[in-house]
Amino acid sequence: LGAMAGEALENGMRISPRKPCLIRRNGQQQQHGVAASCLRELRSKACDILDIGKDLEPITLVLAEDGTIVNDEDYFLCLPPNTKFVALARNEKWTSSCIDGGPAWLSGESTDEVDSGGEKWKHLARQLKDDFSSVILMSEADLQVLVDVPCSDLAQELSQNQLKTQMLQNSLQQVLDRREEERQSKQLLELYLEALKNEDSILSKVSEPEAAHGEEGDVVDAKSSAAGPSTKRTLSDEILAALKKKPAPELSLSSQALERVFKEDTEALAQALRWDKQETQALQQACDQELSRRLQQVQTLNSLRSVSKSKKGMPLESCLSSKRKNSGS
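Note that the structure is predicted; figures quoted are calculated from it, not measured.

Across its full length, the protein holds 13 helices and six strands. A buried classification covers 32% of the 329 residues belonging to the protein. By sequence separation, contacts in the protein at least 24 residues apart represent 54% of the contacts at least 6 residues apart. As displayed, the protein has an accessible area near 21,000 Å², and 50% of this comes from carbon and sulfur atoms.

As structure tokens, then:
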């Protein structure tokens, strides 16, 4: 065997170990054991052993436990030995069965199609009846389905009285509300962190000495007096392109660009944009207002961060509430 393996490796052949598997037809209980080194070989053997004719090919292999379609070789190699497969002929749908070790709430039925339209809530209800902890793994859509079911129908399916069923639906609604609150808190935190990234650049620009602004203005005035209107323009081509193409350009410009537009000579800016003076002045005022709004937001975030540091351990919602009260006063 060692000599044969060595010869195979020398010839460039790839030796793949065969994996033992269990296969059966959809809706049947009889299982067959096969060994295959790849999905192609398993499909071929499944057609031969399960007597699936050419007219029913190509077949689809799914996990008997939950109906997961297996069509990736790497995934097949990762499956443990003796994995149970169901061979689906063309146009067949997978159906769960208690012989596959499925949930106990299926024991009263031989087979039952999954996600069969409006009856989905019954499957979820039976799953909940068998193991209430499964609510943790349910998606928000599944929870909403159970909440929307009439209380009387759900109580009959769960074999409970309507009072307990109503309490259950209220609990499920609370789970949904809590997940929504967690999502909103996460979004608020992401916005807060994003604002902190831009805070340093905005504050450094605001805290520049007035003398520096005066010197910059003197330089611009000196250039303006020494040259014509065409040399007054200090804005980049990118900023001018944004001013021309955007319907509300002040919302898409950075804070530094807003300040540069506001301080730009009105005549030079109007000439560069080919606008009249009144329209150019309105644009500069809009940029100034947008810059002021952003600075107010930064100040608000600074206050929020100060409150957060001074009140460690308080929920984020409490800090926001305190901030709103201070703002109102």
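Let's shift gears to helix α9 (residues 237-245). Buried within α9 are the following residues: Ile-239, Leu-240, Ala-242 and Leu-243. Across the axial projection of α9, the buried residues extend over an arc of 160°, all falling on one side. Turned more than 90 degrees away from the buried face of α9, the exposed residues are Asp-237, Glu-238 and Lys-245.

Opposite charge on two side chains makes pairing possible when the charged atoms of those side chains draw close. What the rule picks out here adds up to eight salt bridges. The shortest N-O distance in the salt bridge between Lys-263 and Glu-259 comes to 3.1 Å. One end of the pair is Lys-263 and the other is Glu-259, both in helix α10 (residues 255-263) and four residues apart, which spans about a single turn. Connected through shared salt-bridge partners, Arg-18, Glu-41 and Lys-45 make up one network.

As for its placement among the helices and strands, Arg-43 is situated in helix α2 (residues 39-49). For the pair Arg-43 and Glu-57, spaced 14 residues apart in sequence, the C-alpha to C-alpha distance is 9.8 Å.

Attention now moves to the packing of aromatic side chains. Aromatic ring pairs are reported here in terms of the distance separating the ring centres and the angle at which the planes meet. Tallied over the entire structure, the rule returns one aromatic pair. Summarising the aromatic geometry, the rings of Phe-76 and Phe-85 are spaced 6.2 Å apart at their centres and angled 45° between planes, so their arrangement reads as tilted. The same class applies to Phe-76 and to Phe-85, which are both buried. Over the face of the ring belonging to Phe-76 we find Lys-19, whose NZ or CZ atom lies 5.7 Å from the ring centre.

Axis separation between α9 and helix α11 (residues 266-273) bottoms out at 10 Å; the angle between their running directions is 70°. Viewed along their axes, α9 and α11 adopt a mutual orientation that is roughly perpendicular. On the side of α9, the interface is formed by Leu-240, Leu-243 and Lys-244, while α11 contributes Leu-269, Ala-272 and Leu-273. Its residues assigned to classes, the contact of α9 with α11 shows five nonpolar, no polar and one charged.

To continue, consider unusual backbone geometry. For the bond running from Glu-57 to Pro-58, omega is 5°, close enough to zero to count as cis. Along the chain, the position of Pro-58 falls in the loop between α2 and β3 (60-63). Backbone geometry places Asn-91, a non-glycine residue, at a positive phi of 70°. The phi dihedral of Ser-159 is positive, around 60°, even though this residue is not glycine. Here Ser-159 lies in the loop between α6 (151-158) and α7 (162-206). Of the residues examined, Ser-159 reaches a relative accessible area of 55% and is grouped as exposed.

Core analysis: the largest hydrophobic core is formed by 18 residues, its most contacted members being Ile-23, Leu-42, Ile-59, Leu-61, Val-70, Phe-76 and Phe-85. At the level of secondary structure, the elements contributing two or more residues to this core comprise β1 (19-25), β2 (32-36), α2, β3 and β4 (83-88).

This brings us to the side chain of Asn-26. Here Asn-26 lies in the loop between β1 and β2. Of the polar contacts made by the side chain of Asn-26, one reaches the backbone oxygen of Lys-93; its length is 2.7 Å. If sequence neighbours within four positions are ignored, Asn-26 has contacts with Val-86, Ala-87, Leu-88, Glu-92, Lys-93, Trp-94 and Thr-95.

Another point: the confidence of the model for the protein. Of all residues in the protein, 70% attain a pLDDT of 70 or more, and the chain-wide mean is 74. Confidence over residues 222-231 falls short of pLDDT 50; this stretch has five contacts with residues more than four positions distant or in other chains.

Along the polypeptide, Arg-25 turns up in strand β1. Residue class for Arg-25 comes out buried when judged on its relative accessible area of 14%. When neighbours within four sequence positions are excluded, Arg-25 is seen to be in contact with Leu-50, Asp-51, Ile-52, Val-86, Ala-87, Ala-89 and Glu-92.

The next point concerns the pairing of β1. Consecutive residues of a regular strand have side chains that alternate between opposite faces of the sheet. By the criterion of burial, β1 is predominantly enclosed, with five of the seven residues buried. Pairing of β1 with β2, which is carried by five bridges, proceeds in the antiparallel orientation. Residue pairing for β2: Cys-21 is matched across the bridge by Val-34. As consecutive antiparallel partners, β1 and β2 are separated by six residues, and within that stretch Gly-27 has a phi angle of approximately 85°, a positive value.

Reading the values: the criteria
- Residues numbered from 1 in each chain as written.
- Predicted model: local features only at pLDDT ≥ 70, side-chain atom pairs only at ≥ 80, totals over all residues.
- Heavy atoms only, no water.
- Helix = DSSP H or I, 4+ residues; strand = E, 2+ residues; numbered from the N terminus.
- Buried < 20%, exposed > 50% of the residue type's maximum accessible area, 1.4 Å probe, protein only.
- Contact = heavy atoms within 4.5 Å.
- Areas by Shrake-Rupley, 256 points an atom, 1.4 Å probe, with all protein chains shown as cover.
- Arc of directions from axis to C-beta.
- Salt bridge = Lys/Arg side-chain N within 4 Å of Asp/Glu carboxyl O.
- Phe/Tyr/Trp six-rings, centres within 6.5 Å; stacked < 30°, edge-to-face > 60°.
- Lys NZ or Arg CZ within 6 Å of the ring centre and 35° of its normal.
- Axes fitted to C-alpha atoms, helices over the stretch in contact; angles between N-to-C directions.
- Parallel < 35°, antiparallel > 145°, perpendicular 65-115°, else oblique.
- Nonpolar A, V, L, I, M, F, W, Y, C, P; charged D, E, K, R; others polar.
- Core = buried A, V, L, I, M, F, W, Y, C linked by side-chain atoms within 4.5 Å.
- Polar contact = N/O pair within 3.5 Å; in protein donor to acceptor, adjacent residues only side chain to side chain.
- pLDDT = per-residue confidence, 0-100.
- Pairing = 2+ DSSP bridges.

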